[in-house]
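Understanding the architecture of this molecule
The chain contents come next:
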Amino acid sequence: MEGNFFIFNFKTIMNRNISRVIKIVVFIFIVVITDKGLGHILSKLYFNQNEGEIHTLNYVLSECNADVLIFGNSRAQHHYDSRIIKAALNMSCYNAGEDGGHSIIFPYAQIKIISERYSPKIIILEFSGVNDFPGAYDRLSILLPYYKKYPEIRPLIRLRNRFERIKLMSSIYPFNSNVIDIIRFHTNIPEDFDGYIPLKKILDIDLLKPEPEIVRQSEIRTLVADTNMVNALENIIRLCKSKNISLFIITSPNFHTVNDKQSPLSPAAERALDIIHRNQVNYLDFSFNPVFVGHSEWFADKVHLNEEGAKIFSNMVTDSIRTYAKMKPN
Amino acid sequence: MLFNSLSYFFFLPVVAVILYLIPGRYQWFWLLACSTFFYYTLLPVFLILFFTLILSNYYLGIVIESSESKRNSIFIFGVCINIIVLAFFKYYGFFQSLFTDIKKLSVNDHLLKIFLPVGLSFFIFTILSYLIEVKRGTIKAERHIGIFASSLLFFPKIMQGPIEKSGNIFPQFREVKSFNYDMIVEGLKLMIWGYFKKLVIADRLAIYVNAVYDNYEHHSGISLLVATIFYSFQIYADFSGYTDIALGSAKILGFNLTNNFNRPYFSTSIKEFWNRWHITLSLWLRDYLFLPLAVTFAWKMKEIKYFGLASEKWIFMFATIITFVVCGIWHGEGLNFLIWGLLFGIYMTIANWTLGFNKKLRKRIGISKQSAFYKVYGILITFMLVTFAWIFFRARNITDAFLIIKKIYLFSGTLYIGEMRRLLICIAEIIFLIIIEMRSEYFGHLTFPFKKSIWFQEQIVYAFLVILILLLGVFDGGQFLYFQF
């Protein structure tokens, strides 16, 4: 009797445990299969976009072979009119700037991938500084879909988080930030001209927040250089030198109402300028350029030029590049 | 280490496995060590403060219980000390801003930087609850300092509560925790739903809300209205998501914590809203502030009419307004939080004062309190009033709040869309949340919204949620909103 009871209990426990294990396995199986299947579909869709930002990025990294390439964040994308640069320098030009407040690590990743394929003649880098800022590393998520395709940028992607390698075991995760853009139904895609996207609106000066006249020294002091960003800047310079690419690092205009409000340099800016000067890189600083001071009609907002402003600025950039080219001994 | 960080996914299973392997009498020690480590990863320096508070309140509890003659004065001393500590860290920023304005110093000056230790408000409220209950004699002072410390520092609840009553949590730390499959599965389900609410709903809504509220000067009234409605859902998804993760984590370790949310946006009145929103805080305020205040006022006031209103109406008003003002101040030091609390006090008072009038009105137009029409009407009105109050909660300061209200009132301009697809996703997420909550509210699936009779269906639903988290979750959304409190 006792033996039967024991066997009965043992069987019940065993059955219950087996059913639990089956349930766990089934759950994991469903998640993994869906992840892999959906990830595969999303990957196909991502790399077969034929317009929009994803297409531009895919094109820049895998196909573009323009003589002049422009890199940077939204300020690069909206400030450098590829048509003007192309006509003025008589070279093919493509604007590879990307919206989204990217740090210098993103253009470094782009340049790293492209330089494996070919060497452009000129690279214009819209300079975004070498200090860390909120979300700087998170925004490297734009590179996640390329993690498998381009092993050379994997260390840069892993800077996002120490667990990035584990997260990337999922096939869906790389498209996490892009899923809405992938399934875009092809609406409202802004028109671009070789990557350049003009901004149409005009800055409403009344909407600007009043800013303190003097930027406080202590606040500037907090902007220290980020090691990874410093490395990115140094590596871009090194890479361009080794591939014989003319590198122009440029800071484009911001909107200012008065010209004499030059703030003291932050430690990060000092470090970056030191690297630039030490390596004798062409550096053009238009951030306080008097031509743009007070001209709200040339700006879309405080940090972005509109189409009209971009036209003026692009002409100034090409003039400067030509001047440098004339000065440079052959 | 945050709940929404990957480190937590490694941390929790390790804690659980070792907890179930070690003998019962050492389990409290393991949990204390893990909770200390958990907090150490957040703000290590404040562990000194937490342990000092634990030690002092441990002895205070014992002294309050054992002392006959000085019980009251020791109790008052204990309460004051805790409140002073909380007030110092909570309102330092407020005085700091005044100081920096006067001295023209930067807020970045190192000496002026003092943060509010994460979870201190919840921690102090739990301790105050303990001291009050000991003083009232409803619980015995805890003599085991290890259990006292580990229950106060218990990592699933240290950051944002729930504010557990000692009578609920201490006995659970005395129990021997052994592996319980069903409880672990329940915990995991709760966690998945919590992560979904936090990462997919709250953090995605936050993108729109932050874009509009952080630059409200540039946005139209209609955009601000949409952002305010989104914020109502964002804060709910954020905080209730956190609570689900906390409750789920605790369940995995064999603990049952008190649920903080009971679908508050289905409340038909403000009173009901506070019975469903941040339940443990509401109970705390009711038991330790509102009721004592009401009793005190009842002793002081004669049972006659004042200005044509019965004394109990006045008592209710005073006690309610004071309680909600304290609730507002507890949330933050700005005037906007005070007004937020005051608004709820006013809502509750008006509702109380017009009880008779409402009853007569319902009778006259022939609408029952149980009718669907009345319920829908009540839900919408309550949601609107709560959403209006959230403006003060979300705005940076009182000036901004009033400017935002003015803009919403003028209702001019066009809707900020950003990207249409993202806006549509936000709306779809809100609809999804409402449907799920509605199902739980009206079809009886109270704790687990995806309860299915066929296990395979349930597996598919939870797997689908995991996939949606990976696909739509905002993984760099940062911390939970209630961290700041």
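Computed from a prediction, not measured in an experiment: that's the story for all the values here.

This paragraph deals with the overall build of chain B. Each helix and strand in chain B was counted, giving 19 helices and 2 strands. In terms of overall dimensions, chain B is globule-like: its C-alpha atoms have a radius of gyration of 24 Å, near the 23 Å expected for 485 residues. Its C-alpha atoms give chain B principal-axis dimensions of roughly 65 × 65 × 60 Å. Per-residue burial over chain B gives 39% buried out of 485 residues. Across chain B, contacts joining residues at least 24 apart in sequence account for 73% of those joining residues at least 6 apart.

Helix and strand counts for chain A come out as 12 helices and 7 strands. Residues counted as buried form 36% of the 330 residues belonging to chain A.

Moving on to the domain arrangement of chain B. Residues and elements named next belong to chain B. Looking at the assigned domains, one finds that chain B contains domain 1 (6-174), domain 2 (181-261 + 417-484) and domain 3 (265-410). Taken residue by residue, the interface counts 14 residues in domain 1 and 14 residues in domain 2. Going through the elements one at a time, helix 1 (6-21), helix 7 (155-158) and helix 8 (166-174) are the ones with two or more residues in the side of domain 1 that touches domain 2.

Turning to unusual backbone geometry, a few remarks are in order. Residues and elements named next belong to chain A. Within the chain, Asn90 stands out as a residue other than glycine whose phi angle is a positive 55°. Looking at the element boundaries, Asn90 is found in the loop between helix 4 (82-89) and strand 2 (93-95). Accessibility expressed as a C-beta count within 10 Å gives 7 for Asn90, which makes it exposed. Even without being glycine, Asn244 reaches a positive phi, approximately 60°.

Time to look at the packing of helix 3 (residues 47-66) of chain B against helix 6 (residues 145-153) of chain B. Residue and element names in this part refer to chain B. For the pair helix 3 and helix 6, the least separation of the axes is 10 Å and the interaxial angle reads 130°. In terms of axis orientation, helix 3 runs oblique to helix 6. Like other packed secondary-structure pairs, helix 3 and helix 6 cross with a definite hand, here right-handed. Between helix 3 and helix 6, the contacting residues are Phe50, Ile54 and Tyr58 on the first element and Ile145, Phe148, Ala149, Leu152 and Leu153 on the second. A class-by-class count of the residues in the contact of helix 3 with helix 6 yields 8 nonpolar, no polar and no charged.

Here the focus is the pairing of strand 1 (residues 68-71) of chain A. Residues and elements named next belong to chain A. Side chains Val68 and Ile70 project from strand 1 onto one buried face, and the interleaved Leu69 and Phe71 project onto a second face that is buried too. Sheet topology places strand 1 next to strand 2; 3 bridges connect them, and they run parallel. Across the sheet, residue Ile70 finds its bridge partner in strand 2, namely Asn95.

Another point: the sheet that holds strand 5 (residues 282-285) of chain A. Strand pairing in a sheet relies on backbone hydrogen bonds. The paired strands run either parallel or antiparallel. Residue and element names in this part refer to chain A. Across the sheet, 5 strands lie side by side as 2-1-3-4-5; this open sheet has parallel pairing. Here the strands that pair on one side only, and so sit at the sheet edges, are strand 2 and strand 5. Within this sheet the neighbouring strands show an average axis-to-axis angle of 15°, counted without direction. In terms of strand pairing, strand 1 meets strand 3 (residues 122-126) through 4 bridges, oriented parallel.

This part takes up the environment of Phe344 of chain B. Residues and elements named next belong to chain B. Tracing the backbone shows Phe344 in helix 14 (residues 335-353). On the basis of neighbour count, Phe344 is assigned to the buried category, with 22 C-beta atoms found within 10 Å. Sequence-wise, Phe344 and Gly328 are 16 residues apart; in three dimensions their C-alpha atoms are separated by 9.3 Å.

All names here are of chain B. Tracing the chain through its elements places Gln27 in helix 2 (residues 27-40). Using a count of 23 C-beta atoms within 10 Å as the deciding quantity, one classes Gln27 as buried. Gln27 sits 123 residues away from Ser150 along the chain, and the two C-alpha atoms are 9.9 Å apart. For Gln27, the residues in contact, after removing those within four places along its chain, are Leu19, Ile22, Val176 and Lys177.

What follows covers the confidence of the model for chain B. Residues and elements named next belong to chain B. Scored by pLDDT, chain B comes out at a mean of 88, with 92% of its residues at no less than 70. Confidence drops under pLDDT 50 across residues 106-112; counting only partners more than four residues distant or on other chains, this segment forms 13 contacts. Across the assembled chains, the prediction reports ipTM 0.78 with pTM 0.85.

What follows is about helix 15 (residues 355-365) of chain B. Judged by how many residues are buried, helix 15 of chain B sits mostly at the surface: 0 of 11 residues are covered. Within two residues after helix 15 of chain B, Gly366 of chain B carries a phi angle of roughly 70°, on the positive side.

Let us look at the pairing of strand 3 of chain A. All names here are of chain A. Across the 5 residues that make up strand 3, a large majority, 5, are buried. Residues of strand 3 alternate between two faces, with Ile122, Ile124 and Glu126 on one and Ile123 and Leu125 on the opposite face, all of them buried. When strand 3 meets strand 4 (residues 246-251), the two strands line up parallel, connected through 5 bridges. Looking across to strand 4, one finds that Glu126 is bridged to Ile250.

Our focus in this paragraph is the environment of Thr258 of chain B. All names here are of chain B. Tracing the chain through its elements places Thr258 in the loop between helix 10 (221-252) and helix 11 (270-276). With 17 C-beta atoms packed within 10 Å, Thr258 lands in the partly exposed category. In the structure, Thr258 is positioned 96 residues away from Pro162 in sequence and 6.5 Å away in space, judged by C-alpha atoms. Contacts of Thr258, omitting those with residues within four sequence positions, involve Pro162, Glu164, Asn168, Ile279 and Thr280.

This brings us to helix 8 of chain B. Residue and element names in this part refer to chain B. Turning to helix 8, its buried residues number three or more, namely Ser166, Ile169, Phe170 and Phe173. Buried residues of helix 8, viewed axially, fall in a sector of 95°; they line one side. As for helix 8, its buried residues are in contact with helix 2, helix 5 (120-136) and helix 6.

Parameters at a glance
Residues numbered from 1 in each chain as written. Chains lettered and ligands numbered in written order. Predicted model: local features only at pLDDT ≥ 70, side-chain atom pairs only at ≥ 80, totals over all residues. Helix = DSSP H or I, 4+ residues; strand = E, 2+ residues; numbered from the N terminus. Rg over C-alpha atoms; globule rule 2.2 N^0.38 Å. Buried ≥ 20, exposed ≤ 12 C-beta atoms within 10 Å, placed from the backbone. Contact = placed C-beta atoms within 7 Å. Domains from an automatic or database assignment. Axes fitted to C-alpha atoms, helices over the stretch in contact; angles between N-to-C directions. Parallel < 35°, antiparallel > 145°, perpendicular 65-115°, else oblique. Left-handed = near helix turned anticlockwise from the far one by under 90°. Nonpolar A, V, L, I, M, F, W, Y, C, P; charged D, E, K, R; others polar. Pairing = 2+ DSSP bridges. pLDDT = per-residue confidence, 0-100. Arc of directions from axis to C-beta.

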